[in-house]
Amino acid sequence: QLIVSCILIYFFDIRITHLGDLSFISFSEFNYFFSFFITLCSVIFLTNAFNFIDGIDGLCSGSLLISFSTLLFIASYFQMVEVLIYYVPLIYALTIFLFFNLIPNFFIFRKIFLGDAGSNFLGFYLAWCIIIFSQNEIQIFPPIILISTIILPVFDMLRVIMVRILRKKSIFRPDRSHIHFLLMDYGLSKHQILIICLAYSLICNYLCFMVYLNFNINWFIYFYLFLFIKFNLLLWFLKFFLKRDTI
C-alpha cells in the first residue's frame, strides 16, 4: 500500500490538493508536502477501514458495492460517461460475488470469500477512484461530499480508534470493538447485522445527496458530525434495547 501509493503520488502526481469550495478554509489548495502526506494517510486509512469491516459474510463486499454504485450514480447524474468503465465491471463482479458468498453451495459451486487480498485491493482501488475523480480537471463532485460513499467503514474506523485511545490501548491492537462484533455480542445474527449496516450506509448516501442538492456545501461538516453522533447513538440504542429485551 505504502510503496504503490508513493509511486502514484510522486510519479503520476495523483493526490488530494483541495477539499472543495469551503468558506471556513482560508486557502484554495494544500501545499505539496501536506498534500502528499494527507493523500498517503487517506489511502492507507480507507484501505484498512474496508479490511477491518470484513468480519462477516457480505459486509465488506456489500459496502464496496454500495460505494461503487453511488459513484456510478453520481457520474451518471453529472453525465460523466467516460468514467463509468471504472465502476461498472466491479459492480457486476461484486454482485455476482455476493451470491456465492451469501448463498451456500450456490448452484454447483462452493462458497467463496473475499479475504484480505480482496478487501485490501478493492478498498485501495476505491480510495484512488475517489481521489482521481474529485481532484484536478476530472472532478465530478466536491471532494468532501464523496466521503458519503464510504461513510460506514470510515465511521467504524474512527469510532474504534477513539474507543481504543479512551481505553488507553494501542490503536493497532485488534479487538471486538468493530460494529459487526458489537452487534454480534448484542445477540444479533449475521444476516441482521448485514441488513442493518448496509441499510445505514444506503440511507446515509441518500441523505448526503439530498443535502448536496438542497443546502450549501459548508453544511456537510455539520451533517457528517450529526451522522457520526447518530451512528454511535444507534449502537447505544441497540445495546440498550437488545439487553432489555433479553431480561
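Everything discussed here concerns the structure shown above.
Residues numbered from 1 in each chain as written. Predicted model: local features only at pLDDT ≥ 70, side-chain atom pairs only at ≥ 80, totals over all residues. Heavy atoms only, no water.

**Q** Explanation requested: the packing of aromatic side chains in the structure shown.
**A** Here a ring pair, both rings aromatic, is described through the centre-centre distance and the interplanar angle of the planes. This structure, assessed with the given rule, holds 18 aromatic pairs. When the centroid spacing of 5.9 Å and the interplanar angle of 55° are considered together, the rings of phenylalanine 155 and phenylalanine 231 count as tilted. Pair noted here: phenylalanine 155 is in helix 6 (residues 151-166) and phenylalanine 231 is in helix 9 (residues 219-246), with a separation of 76 residues, a long-range link. A relative accessible area of 2% means that phenylalanine 231 is categorised as buried. Ring-pair connections join several aromatic residues into one group, and the members of that group are Phe68, Tyr86, Tyr87, Phe121, Tyr125 and Phe133. (Phe/Tyr/Trp six-rings, centres within 6.5 Å; stacked < 30°, edge-to-face > 60°. Helix = DSSP H or I, 4+ residues; strand = E, 2+ residues; numbered from the N terminus. Buried < 20%, exposed > 50% of the residue type's maximum accessible area, 1.4 Å probe, protein only.)

**Q** Can you walk me through the side chain of serine 61 in this structure?
**A** Turning to its location among the elements, serine 61 is positioned in helix 3 (residues 59-77). Beyond its immediate chain neighbours, meaning those up to four positions away, serine 61 contacts Leu94, Phe97, Leu98, Asn101 and Leu114. (Contact = heavy atoms within 4.5 Å.)

**Q** Help me understand the pattern of salt bridges in this model?
**A** Side chains that carry opposite charge are capable of pairing whenever their charged atoms lie near each other. Considering all chains together, one arrives at 4 salt bridges under this definition. The closest approach of N and O atoms between aspartate 13 and arginine 15, which form a salt bridge, is 2.7 Å. Residue classification places aspartate 13 among the partly exposed residues on the basis of a relative accessible area of 40%. Exposure remark for arginine 15: the relative accessible area of 13% places this residue in the buried category. (Salt bridge = Lys/Arg side-chain N within 4 Å of Asp/Glu carboxyl O.)

Honestly, it's all geometry; don't read function into it.
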